[in-house]
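Breakdown of the fold
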Amino acid sequence: MNIALLGFGVVCSGVYEILKTLPEYNVTKILIRNPAKKTMDCMTLDFADIENDKAIDLVVEAIGGLHPAREYILASLNAKKHVVTANKAVVAAYFEEFVAAAKENGVKFMVEATSGGGIPWIKNLQRVGRIDDVTSLHGIMNGTSNFILSAMTSEGKDFDDVLKAAQELGYAEADPSADIDGDDVRNKCAISASIAFGCPVDVNSILQSGIRYITKADIDWFKENGLVCKLFATAKREGDKFDAVVEPVLLCCDTVEANVPKNYNITCLYGETIGEVKLYGQGAGGLPTGNAIVQDIIDINTGNAFDISFDKTLIKTEAVTGRYYLRIPAGIDCYKDILRDVIEKEEASENSTVVITKEVTPAKIHQLTDKEKSVFIARFV
Ligand code: HSE
């Protein structure tokens, strides 16, 4: 099988290393952006060299971002080449379009590497879906934010110091906002829920809140109460309705999810006959993510790739609810009005007030966080 790589950063370098060990698979072209990095004859600066090369069977896309990734993926599919991608942002934004283009051209479009890195998550969602309706999924799907939360919890460190360490270790995206504000998890949540529920889930419909404003005071409060904070993607399906949300959650300290360390990920699903499934592993990094891409390539080559099918139409509802912890910095008083009727407990201190709410929908809480970004929230699960 002849393969072209779009990009030669962390992920495609991992793919290249793994493919070198598999003689049936040849990397015949690599698209790079920077002429100074042209270290192999097969490297090209021009995507047309790949698009027009009839000998290329499959294109791996890992350049990241929306454009020109979208155009390259569509052009490759329209040139009757299979596409395997690790680019969660472009898939979350244009999933339906890519699936339709692949179908039209009789080729495969595969996304295992977009969500959960090396964890065989997407394929297992599809396998479970052959028997069960997946009625819920959740997980820790961002290594950087888990690294930060774990280090703050176990080493008592401050947010900024730990973020710097995560950047130095290469876990964080170039702009770590996507990691700490939840955008990265939201993309993975949309992709996972789309596969699980057989319906393209609009990424913009997913409410999102991150960990940018968590403080040592929050971590201390959680510890005193036997709780651990993690950034979760959560999606639920009830008949022809679904809900999805990305936000920090508070877990009892003895749960599996609470004990996911460092930059690891965990992805969990529930199906009626299989019950609960939890998959744990490396959610990022060149070799784990490269491994997920190569698994997709082998599945395509051996006729074992599942088709992605969006045969259901689901309506967004408010199925996720919970009690919330909020830390509201001093001077923000609008919470009294917005959360009126749902406040269960208030603990005021010099710089902030901790509020615990009754069971509410995320939308209620996000009314406040949309207005006052520095309010940190976490849902009890
Ligand atoms: N920045 C991402 C993470 C990379 O930290 O999980 C993998 O998607």
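Here the residue index of a chain counts from 1 through its sequence in written order. Selection of residues for local features in this predicted model requires a pLDDT of at least 70, selection of side-chain atom pairs for listing and counting requires 80 or more, and totals for whole chains, interfaces and linings are taken over all residues. Derived side-chain values reflect all non-hydrogen atoms in the structure, with water molecules and hydrogen atoms excluded from consideration.

**Some details on the confidence of the model for the chain**
Defined as follows: Confidence of the predictor at the level of single residues is captured by pLDDT, which takes values from 0 to 100. Here a helix means four or more residues in a row that DSSP labels H or I, a strand means two or more in a row labelled E, and each is numbered from the N terminus.
Averaged over the chain, the pLDDT score is 97; the fraction of residues at 70 or greater is 100%. When pLDDT is averaged over each helix and strand of the chain, the minimum, 89, is found for helix α7 (residues 159-168) and the maximum, 99, for strand β4 (residues 58-61).

**Some remarks on the nonpolar core**
Threshold: Side-chain atoms within 4.5 Å are what join buried Ala, Val, Leu, Ile, Met, Phe, Trp, Tyr and Cys residues into a set we call a nonpolar core. Only protein chains enter the accessibility calculation, which uses a 1.4 Å probe; a residue whose area is less than 20% of its type maximum is buried, one above 50% is exposed, and one in between is partly exposed. Note on contacts: a residue pair qualifies if any of its non-hydrogen atoms lie within 4.5 Å across the two residues.
Counting 82 residues, the largest nonpolar core has F95, F109 and I214 as the members making the most contacts within it. For this core, the element with the most residues is helix α4 (residues 88-105), which contributes nine residues. Excluding residues within four positions of it along the chain, F95 makes contact with V90, F109, V111, I191, S194, I195, I308 and F310. Grouped together as the second largest cluster of nonpolar side chains are 27 residues, M1, I3, Y16 and Y25 included.

**Here we look at the site of the ligand**
Quick reminder of the rule: The near set for a molecule or strand comprises every residue that places at least one heavy atom within 4 Å of it. What qualifies as a polar contact is a pair of N or O atoms within 3.5 Å, subject to a donor-acceptor requirement within protein and to the restriction that residues adjacent in sequence count only when both atoms come from side chains. Here the Shrake-Rupley method, with its probe set to 1.4 Å, supplies the accessible areas, and only the displayed protein chains count as covering residues.
Every residue close to the ligand is listed here: K88, N142, G143, T144, Y171, E173, D179, D184, K188, G283 and A284. Within the contact set of the ligand, an oxygen atom lies 2.5 Å away from a side-chain nitrogen or oxygen of K88. Between the ligand and D179 there is a distance of 2.8 Å, counted from a nitrogen atom to a side-chain nitrogen or oxygen. With the chains in place, 90% of the 250 Å² that the ligand exposes on its own is no longer accessible. Of all the secondary structure elements, the ones that give two or more residues to the shell around the ligand are α6 (143-155) and α9 (183-197).

**Re the pairing of strand β7 (residues 134-140)**
For a regular strand, side chains alternate in direction, first toward one face of the sheet and then toward the other. Heads up, the rule is: When DSSP finds two or more bridges between a pair of strands, those strands are recorded as paired.
Counted residue by residue, β7 has five buried out of seven residues, so it is predominantly covered. In this structure, β7 lies alongside strand β11 (residues 264-271), joined through six bridges in antiparallel fashion. Note on β11: the bridge partner recorded for I140 is I266. Here four bridges tie β7 to strand β9 (residues 227-238), and the two strands are oriented antiparallel to one another. Looking at the pairing, H138 lines up with T234 of β9.

**Focus on the sheet that holds strand β2 (residues 26-31)**
Short version of the rule: Helix axes are fitted only over the stretch in contact, all axes being lines through C-alpha atoms; the angle between N-to-C directions runs from 0 to 180 degrees.
Taken together, six strands build an open sheet; the order of strands is β3-β2-β1-β4-β5-β6 and the sheet is parallel. Of all the strands in the sheet, just β3 (43-44) and β6 (109-110) have a single pairing partner and so form its edges. Examined bridge by bridge, strand β5 (residues 82-85) and β6 share two bridges and lie parallel to one another. In the sheet register, V83 faces β6, and the bridge partner there is F109. The strands that helix α1 (residues 10-19) touches are β1 (2-6), β2 and β4; relative to β1, the one it contacts most, it runs at about 160 degrees. Sitting on the sheet, helix α11 (residues 286-301) is in contact with β1, β4, β5 and β6, with an inclination near 160 degrees to β5.

**A short note on the environment of K216**
Summarising the element assignment, K216 is placed in helix α10 (residues 216-224). Classification of K216 by relative accessible area gives partly exposed; the value is 37%. Considered as a pair, K216 and D158 are 58 residues apart in the sequence and their alpha carbons are 6.2 Å apart. Beyond its immediate chain neighbours, meaning those up to four positions away, K216 contacts M152, G156 and D158.

**Regarding empty space enclosed by the protein**
Once rolled over the atoms, a probe with the size of a water molecule shows which space is left empty. This is how the line gets drawn: Put simply, the grid is 1 Å and covers the protein atoms alone, a cavity is a trapped set of points that fit a 1.4 Å probe, a pocket is an open set with protein on both sides within 12 Å along at least five of seven lines, and lining residues have an atom within 4 Å of a point. Grid points are joined across faces, edges and corners, and a volume is the space filled by probe spheres set on the points. All residues other than Ala, Val, Leu, Ile, Met, Phe, Trp, Tyr, Cys, Pro, Asp, Glu, Lys and Arg, Gly among them, are scored as polar; the first ten of these are nonpolar and the last four charged.
Taken as a whole and judged by the stated rule, the model has one cavity of 30 Å³ or more. Its volume calculated, the largest cavity comes out at about 70 Å³. Lining the largest cavity are F109, M110, V111, E112, I122, K123, Q126, D296, F306 and I308. Taken together, the elements giving at least two residues each to the lining of the largest cavity come down to β6 and α5 (122-129). Among the elements that make up the lining of the largest cavity, the one with the highest residue count is α5 (three residues). In terms of residue class, the lining of the largest cavity is built from six nonpolar, one polar and three charged.

**Some thoughts on the pattern of salt bridges**
Basically, it comes down to this: In what follows, salt bridge is the name for a side-chain nitrogen of Lys or Arg lying within 4 Å of a carboxyl oxygen of Asp or Glu.
All told, the structure shown has 21 salt bridges when counted by the stated rule. One salt bridge connects K123 with D299, and the closest N-O pair in it is separated by 2.8 Å. Residue K123 is located in helix α5, and its partner D299 is located in helix α11; the two are separated by 176 residues in the primary sequence. Overall, the relative accessible area of 13% leaves D299 in the buried class. The residue D311 makes a salt bridge to K312 at a minimum N-O spacing of 3.7 Å. Residue class for K312 comes out partly exposed when judged on its relative accessible area of 32%. One salt-bridge network, held together by shared partners, links K88, D184 and K188.

**Focus: the packing of aromatic side chains**
Our working definition: A pair of aromatic rings is counted whenever rings of Phe, Tyr or Trp (Trp by its six-membered ring) have centres within 6.5 Å, and the orientation is called stacked for planes under 30 degrees apart, edge-to-face for over 60 and tilted otherwise.
In this structure the tally under the stated criterion is ten aromatic pairs. Plain terms: the ring middles of F8 and Y16 are 5.5 Å apart, the flat faces sit at 85 degrees to each other, and that makes the pair edge-to-face. For F8, a relative accessible area of 28% gives the class partly exposed. Between the aromatic rings of F98 and F109, the centroid separation amounts to 5.2 Å while the plane-to-plane angle is 50 degrees, which identifies the pairing as tilted. Of the two residues, F98 is situated in helix α4 and F109 in strand β6; the sequence distance between them amounts to eleven residues. Through successive ring pairs, a cluster of aromatic residues spans Y94, F95, F98, F109 and F310.

**Brief notes about the packing of α6 against α7**
The angle between the axes and the distance between the axes are what describe a pair of packed helices. So the rule is basically this: For classification, angles of less than 35 degrees are called roughly parallel, those exceeding 145 degrees roughly antiparallel, those between 65 and 115 degrees roughly perpendicular, and all remaining angles oblique. Handedness of a crossing is defined here by the sense of rotation of the near helix relative to the far one, left-handed for an anticlockwise turn of less than a right angle and right-handed for a clockwise turn.
In contact at an axis separation of 9 Å, α6 and α7 are set at 135 degrees when each is read in the N-to-C sense. As summarised for this structure, α6 and α7 are arranged oblique, according to the angle between their axes. In the packing of α6 onto α7, the handedness of the crossing is right-handed. Where α6 abuts α7, its residues T144, F147, I148, A151 and M152 lie against F159, V162, L163, A165 and A166. In terms of residue class, the contact of α6 with α7 is made up of nine nonpolar, one polar and no charged.

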